[in-house]
Amino acid sequence: MKVYFIGAGPGDPDLITVKAKGLIEKCPVCLFAGSLVPEAVVAFAPKDAIVKDTAAMTLDDTHAEILAARDRGEDVARVHSGDPSLYGAIAEQIRRLKKDGIEFEIIPGVPAYAAMAATIGQELTIPEVAQSIILTRMSMQSTGMPEGETLENFGRTGATIAIHLAVRNMREIERQLIPHYGEDCPVVVGYRVGWPDQMIIRGTLTDIRKKVRKEKITRTALILVGPALAASIDFKDSALYDPKMPHVLRPVVGVDLVEDHNT
């Protein structure tokens, strides 16, 4: 048997990959994180499949289900939200699978930050404004952050920052980022992006906390911060389509390039 760690995407069932959907449709066992994965995604499972919500289960509980499936010779679809490689808590599951000699495979999914960028209709990497994206979270009741991985340190880069699991800590986000990005730096908060009740809140580092509090958002939100998020911004065109820039598939106008057939 085999365990498939499947990224279900941000919530919209239409954003699940073809491969992921096909595996859910054929696996006799489906374990899904119900607090973040909509039931519409696991509705693809076979009618006689064992489908269990793991939201209230422990690591021991979920592993016991996998062991039982192994004894029956049944594949398991372990469905996580977004992309399982990012805050998917799959590392400890994989450690147990390896210990028990159980084969596994990871199926990538659409990450929340990509779905949110699509929802707000913006590119996150703007020429000469921000060419990097930092994916991070903040320490609260969950696992602590490694030394050095602070918003203050990340803020020194000027990059676009995607902050997970931190909507209850907006005041600390302001405190650490305003010295580096300025009070007027744009911020976008996405609540349950990809779900029917999704909400997008725009603001700045000085007013976003009040806006979020007004909407009573306390969980399941992603925070984007950075100058690249400005609704209207003057920036230089990318060199990718510049006719004056050499390109292996688009020679500069007026210049003959000899193709090397040996490469």
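Right above here is the structure, for reference.
The structure reproduced in this document is the subject of the present report. Since the structure is predicted, the reported quantities are computational estimates derived from the model, not experimental observations.

Further remarks concern the sheet that holds strand S10 (residues 221-225). Spatially, the 5 strands line up as an open sheet ordered S6-S7-S10-S8-S9, and their pairing is mixed. Single-partner strands in this sheet number two, and they are strand S6 (133-137) and strand S9 (199-204). In this sheet, neighbouring strand axes are inclined to one another by 20 degrees on average, regardless of whether the strands run parallel or antiparallel. Relative to S9, strand S8 (residues 186-191) runs antiparallel, the two sharing 6 bridges.

The description of an aromatic ring pair rests on the distance of the ring centres and on the angle between the ring planes. The final tally for this structure, using the stated rule, is 1 aromatic pair. Where Phe5 meets Phe104, the ring centres are 6.3 Å apart and the plane angle is 70 degrees; that geometry is what we call edge-to-face. One end of the pair, Phe5, is in strand S1 (residues 2-7); the other, Phe104, is in strand S5 (residues 103-107), and 99 residues separate them in sequence. Phe5 gets classed as buried once you look at its relative accessible area, which sits at 0%. Note that Lys21 overlies the ring of Phe44, its terminal NZ or CZ placed 4.9 Å from the centroid.

Spatially, the 5 strands line up as an open sheet ordered S3-S2-S4-S1-S5, and their pairing is parallel. Two strands bound the open sheet, and with one partner strand each, they are strand S3 (50-53) and S5. Each neighbouring strand pair of the sheet contributes to a mean axis angle of 15 degrees, computed without reference to strand direction. Note that strand S2 (residues 29-32) and S3 share 4 bridges and pair parallel. Looking at S3, one finds that Phe32 is bridged to Asp53. Helix-sheet contacts for helix H1 (residues 18-26) involve S1, strand S4 (76-80) and S5, and the interaxial angle to S1 is about 135 degrees.

Pairing between side chains of opposite charge can happen when their charged atoms approach one another. This model, assessed by the stated rule, comprises 13 salt bridges. Between Arg96 and Asp60 there is a salt bridge, with its nearest N and O atoms 2.6 Å apart. Taken together, the residues span a long stretch of sequence, with Arg96 in helix H4 (residues 91-99) and Asp60 in helix H3 (residues 59-72) at a distance of 36 residues. With relative accessibility at 48%, the residue Asp60 sits in the partly exposed group. Residue Arg70 is joined to Asp71 by a salt bridge in which the shortest nitrogen-to-oxygen separation is 3.7 Å.

The next point concerns H3. The end-to-end C-alpha distance of H3, which contains 14 residues, comes to 20 Å, matching closely the 20 Å that a straight helix rising 1.5 Å per residue would cover. Every buried residue belonging to H3 is among Thr62, His63, Glu65, Ile66 and Ala69, and all of these are buried. All buried residues of H3 lie within an arc of 150 degrees about the axis, which places them on one face of the element. Taken together, the buried residues of H3 touch S1, S2, S3, S4 and H4. Taken from the residues just after H3, Gly73 is the one with a positive phi, measuring 75 degrees.

Parameters and conventions
- Residues numbered from 1 in each chain as written.
- Predicted model: local features only at pLDDT ≥ 70, side-chain atom pairs only at ≥ 80, totals over all residues.
- Heavy atoms only, no water.
- Pairing = 2+ DSSP bridges.
- Helix = DSSP H or I, 4+ residues; strand = E, 2+ residues; numbered from the N terminus.
- Axes fitted to C-alpha atoms, helices over the stretch in contact; angles between N-to-C directions.
- Phe/Tyr/Trp six-rings, centres within 6.5 Å; stacked < 30°, edge-to-face > 60°.
- Buried < 20%, exposed > 50% of the residue type's maximum accessible area, 1.4 Å probe, protein only.
- Lys NZ or Arg CZ within 6 Å of the ring centre and 35° of its normal.
- Contact = heavy atoms within 4.5 Å.
- Salt bridge = Lys/Arg side-chain N within 4 Å of Asp/Glu carboxyl O.
- Expected span 1.5 Å × (residues − 1).
- Arc of directions from axis to C-beta.

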